[in-house]
Amino acid sequence: MWHDDILGTIGGTPLVRVNRLAAHLPGTVLAKLEYFNPGGSVKDRIGISMLEDAEARGEIAPGGTIVEGTSGNTGVGLALAAIARGYKCIFATTDKQSPEKIAILRALGAEVIVCPTAVDPEDPRSYYQVSRRLAEETPNSFYMNQYDNPANTAAHFRTTGPELWEGTEGRITHLFVGSGTGGTISGSADYLKERNPGVRIIGVDPFGSVYWKYFHTGEFDEDEIYPYVTEGVGEDILAGNMNFDIVDDYVRVTDRESMLMTRRLAREEGMFLGGSCGMAMAGTLQWMEANRETLSDDDVLVVIMPDGGYRALGKVYNDVWMQEHGFLDEGETLTAGALVARRSTERPLVSAPADMSLDDAIASMREHAISQLPVMEEGEVVGSLIEQNILRFLMGDPDARARLVGDLMGPPFPVVEAASPVHAFANELSGDQPAVLVRGEDGTLAILTRSDLISALGAESAS
């Protein structure tokens, strides 16, 4: 069996039980893992739906250009549809989106314009207004407008809702969804309520979005709008696809709760997801705790997990970023000593004395498969040798191999204490400095290289 194009692989994403995080609560909690879609998110479902609707209504002609404002995921879904159907794409997005999202859009051939986040929706610089203007200025283009386009909601009524019903054999009792455009929650809820009006629909919102208060009071309160870092969820407008009448309750979650829960999902459930998934899970557990007396072991509670974690590597799974935003407790902060301790093999410090020949230093580096050496005299760090400088010496002086290390060494590597948090020295390793020396409580030194830091941050995302 094969598909005619990549669009045939959209949908049919798995439901996976949440075990450890919900073990103390009644009922069965299931995660709907939308990153199994080819573009890595729930938004793949609406990309082809909105494009086919535009084609059917004659809004876009062959070879035309799709224009949209997107936080990233919808853009990927539209880009896949455009590739399969022969269209071009121009997307406006905001500067709070991860670099990975923007890189993916460009890799798929889209033109991307990055707009400021902290402006009013009516501001001509906002990504809403920029995308509308681009659609007006671009011949044979169509502005998809996922916020108000009913083909967004229709995609979830046709696909997500039936999958939730069939995947639980009609046993679903609660659905938890983070909402941005409102298409996922409204379309899925509409289908589920048709099958069983008793299914409860709970929206999850980040602090800084207007939806939570609007649901509970009917008031659009501009004072509720302020910047938040959780991507792809919540709004500073009331999207046309957001049907509050079909929602039974709303909870909201802080950025910190969202980020920490995202990391817990990876470590405790093996679900490597994006920040809005952590928000949805945190909101689910919060609601379940508050409504425990209404739940039973027979309940089946499903959480929509919109996307995967690879687009969040530089943020949610990066201790430096998390620390800078105040999302890590002191005990959770990654330190220099912790990085040294978690290396897969013990690595004694290899150094060179100042009176060693460069030739012998090179041999030592080759033997230990390292690219830099601290230079030591009487237990003190007096200098350093790094590959780039050694190469420069050898190219500039054929006799350099016979010269002494002390004559050629550069400045010493910085020394940091084992308790130093990564963010305190990460900038040095991301600049010209290839390594720092870490001093343990007993005074011994260990070397921590740029590649060690990269490996550790990568391991954080997968652990």
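Here we summarise the structure given alongside this text. For every chain, the first residue of its written sequence is number 1, and the numbers climb from 1 along that sequence. Two thresholds apply to this predicted model, a pLDDT of at least 70 for residue-level local features and 80 or more for giving and counting side-chain atom pairs, whereas whole-chain, interface and lining totals are computed over all residues. To get the side-chain values, take all heavy atoms of the structure and skip hydrogens and water.

1. A look at the overall build of the protein
To keep it simple, the criterion reads: Numbering goes from the N terminus for both helices and strands, where a helix is a DSSP run of H or I of at least four residues and a strand is a run of E of at least two. Working definition: with a 1.4 Å probe on protein chains only, accessible area under 20% of the residue-type maximum means buried, over 50% means exposed, and in between means partly exposed. Every residue pair with non-hydrogen atoms within 4.5 Å of one another is taken to be in contact. The protein chains shown are the only cover counted for residues, whose accessible areas, like all others here, come from Shrake-Rupley with a 1.4 Å probe.
Looking only at helices and strands, one finds 16 helices and 16 strands in the protein. A burial count over the protein gives 56% of its 463 residues as buried. Across the protein, every contact between residues at least 6 apart in sequence was considered, and the portion connecting residues at least 24 apart equals 69%. Just so you have it, the protein exposes about 20,200 Å², and 50% of that area is on carbon and sulfur atoms.

2. As for the sheet that holds strand 4 (residues 88–94)
Defined as follows: Each pair of strands is called paired provided DSSP finds at least two bridges between the two strands. Every angle, taken between N-to-C directions, lies between 0 and 180 degrees, and every axis is a line fitted to C-alpha atoms, over only the stretch in contact when it is a helix.
A sheet is described by the order of its strands in space; here four strands give the open sequence 5-4-3-6, paired in parallel fashion. The two strands at the open ends of the sheet, each matched to only one other strand, are strand 5 (111–115) and strand 6 (141–143). Geometrically, the sheet is characterised by an average inter-axis angle of 15° between neighbouring strands, direction not taken into account. With three bridges connecting them, strand 3 (residues 65–69) and strand 6 associate as parallel partners. Note that in strand 6 the partner of Ile66 across the bridge is Phe142.

3. Overview of the packing of aromatic side chains
For any pair of aromatic rings, the description consists of the separation of the ring centres together with the inter-plane angle of the planes. Cut-off, in case you're wondering: The criterion for an aromatic pair is that two Phe, Tyr or Trp rings (for Trp, the six-membered ring) have centres within 6.5 Å, with stacked assigned to planes under 30 degrees apart, edge-to-face to planes over 60 apart and tilted to the rest. Charge-over-ring contacts are defined here by two conditions on Lys NZ or Arg CZ: a distance within 6 Å of the ring centre and an angle within 35 degrees of the ring normal.
Across all of its chains, the model carries twelve aromatic pairs by this definition. Ring centres 6.4 Å apart and planes at 40° place the aromatic pair Phe244 and Tyr250 in the tilted group. Exposure class is identical for Phe244 and Tyr250. Each is buried. An aromatic cluster is defined as three or more aromatic residues linked by ring pairs; in this entry it consists of Tyr211, Tyr214, Phe215, Phe244 and Tyr250. When the ring centre of Tyr228 is taken as origin, the NZ or CZ atom of Lys96, which lies over that ring, is 3.9 Å away. The ring of Trp212 has Arg252 sitting right over it, with the charged end atom 3.7 Å from the ring centre.

4. Section: the pairing of strand 3
Here is the key point about a regular strand: its side chains alternate between the two faces of the sheet. Quick reminder of the rule: Handedness rule for crossovers: strands pointing away from the viewer, path from the first strand over the helix to the second running clockwise, crossover right-handed.
Judged by how many residues are buried, strand 3 sits mostly within the fold: five of five residues are covered. Side-chain alternation along strand 3 places Thr65, Val67 and Gly69 on one buried face and Ile66 and Glu68 on a second face that is also buried. Two elements, strand 3 and strand 4, share five bridges in a ladder whose sense is parallel. Following the sheet pairing, Val67 is matched in strand 4 by Ile90. Once the chain exits strand 3 it traverses helix 2 (residues 73–85) before rejoining the sheet at strand 4, and the crossover so formed is right-handed.

5. A look at helix 1 (residues 44–56)
Counted only if it meets this: The span you would expect from a helix comes to 1.5 Å times its residue count less one.
Here helix 1 contains 13 residues, and its C-alpha end-to-end distance of 19 Å stays within 8% of the 18 Å for a straight helix at 1.5 Å per residue. Within helix 1, the full set of buried residues consists of Asp44, Arg45, Ile46, Gly47, Ile48, Ser49, Met50, Leu51 and Ala54. Trailing helix 1 by a residue or two, Gly58 shows a phi angle of about 70°, which is positive.

6. Things to note about a nonpolar patch on the surface
What counts here: Patches draw on residues past 30% relative accessible area with no salt bridge. Two like charges within 9 Å are joined, as are two nonpolar side chains (Val, Leu, Ile, Met, Phe, Trp, Tyr) within 5 Å. Every case where a carboxyl oxygen of Asp or Glu lies within 4 Å of a side-chain nitrogen of Lys or Arg is listed as a salt bridge.
The grouping of Phe220, Ile225 and Leu238 at the surface amounts to a nonpolar patch, some 210 Å² of accessible area in total. Mapped onto the elements of the fold, Phe220 is located in the loop between helix 7 (211–217) and strand 9 (249–253). Exposure remark for Phe220: the relative accessible area of 33% places this residue in the partly exposed category.

7. Some thoughts on the environment of Arg133
With respect to the secondary-structure elements, Arg133 resides in helix 4 (residues 127–137). Considering only alpha carbons, one finds Arg133 and Gln97, 36 residues apart in sequence, at a separation of 21 Å.

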